[in-house]
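Analysis of the macromolecular model
Each chain, written out:
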Amino acid sequence: MGTDLEVLRPRGRGRPTLYNAAYCDRVLELAAEGCCKAEIAAALHVSVKTLTAWTKAHEEFRDAMTRAKELEYAWWLAAGRKGQFMRTWNASGWALQMRNRFRKRFRDKLPPLREENPEDSVNAEQLRDEMERKLSRIADAGAEGGIPLATDARGAEKSAV
């Protein structure tokens, strides 16, 4: 056996990256037209997963993607501002796009839940007690014959039995 073993350098795993620093400018151009992340990925012929990997691996691409989200938001805001004066503008469609694309910034804000004051519950108890007293007086008056218990279709009194 010989000692003529060749030392091989380690190979990288997987396919080489398709990343190109020029993609940063293209990302900004597409975002300025209102394109979302999926549309940008399609234009660059890569997957959204690849864009995410590039964002993690390359600082300049991460900055471009952050700026792209701002440009996309600005484009959609301008579209809504300009579109509202057009006769064929679909406000509900625009609002749906805004809610879905920009969930954190553009959502229906619900009013804060009103906490019940202890005074409100006391007031409700007083009202309930007062109603029960009135209903019992009406029932007592009906039993004594002061108030007719029921009437038929002609308005004649009927007995409660």
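Placed above this text is the structure.
Residues numbered from 1 in each chain as written. Predicted model: local features only at pLDDT ≥ 70, side-chain atom pairs only at ≥ 80, totals over all residues. Heavy atoms only, no water.

Thoughts on the state of the cysteines
Applied cut-off: Counting rule for disulfides: a pair of cysteine sulfur atoms within 2.5 Å.
This model, assessed by the stated rule, comprises zero disulfides. Its sulfur unpaired, cysteine 35 is 7.2 Å from the next cysteine sulfur, which belongs to cysteine 36.

With respect to helix 1 (residues 23–32)
As a reminder, the rule being used: Partly exposed residues are those whose accessible area sits between 20% and 50% of the maximum for their type, while under 20% is buried and over 50% is exposed, using a 1.4 Å probe and protein chains only. What counts as a helix is a DSSP run of H or I of at least four residues, what counts as a strand is a run of E of at least two, and both are numbered from the N terminus. The arc in question is formed by the directions pointing from the helix axis toward the C-beta atoms. Contact definition: two residues touch when any of their heavy atoms are within 4.5 Å.
Of all the residues in helix 1, the buried ones are Cys24, Val27, Leu30 and Ala31. Considered in projection along helix 1, the buried side chains sweep an arc of 125° and stay on one side of the axis. Where the residues of helix 1 are buried, they touch helix 2 (37–43) and helix 4 (59–83). Looking at the residues trailing helix 1, positive phi occurs at glycine 34, about 95°.

Things to note about the nonpolar core
For clarity, the threshold we go by: Nonpolar cores are built from buried Ala, Val, Leu, Ile, Met, Phe, Trp, Tyr and Cys residues. Side-chain atoms within 4.5 Å join them into one set.
One finds Val27, Ile40, Leu44, Val46, Leu51, Trp54 and Phe61 to be the most contacted residues of the largest nonpolar core, which totals 17 residues. Residue assignment for this core shows that the elements contributing at least two residues are helix 1, helix 2, helix 3 (48–57) and helix 4. The element best represented in this core is helix 4, accounting for five residues. Not counting the four nearest positions on each side in its chain, phenylalanine 61 is found in contact with Tyr19, Tyr23, Cys24, Val27, Leu51, Trp54 and Thr55.

Brief notes about the side chain of threonine 55
The condition that has to hold: The term polar contact refers here to a pair of N or O atoms within 3.5 Å; inside protein, the definition further demands a hydrogen-donor-capable atom paired with an acceptor-capable atom, and it admits residues adjacent in sequence only when both atoms are side-chain atoms.
Topologically, threonine 55 is positioned in helix 3. A polar side-chain atom of threonine 55 sits 2.8 Å from the main-chain carbonyl oxygen of leucine 51. Residue contacts for threonine 55: discarding those within four places in its chain leaves Phe61, Arg62 and Met65.

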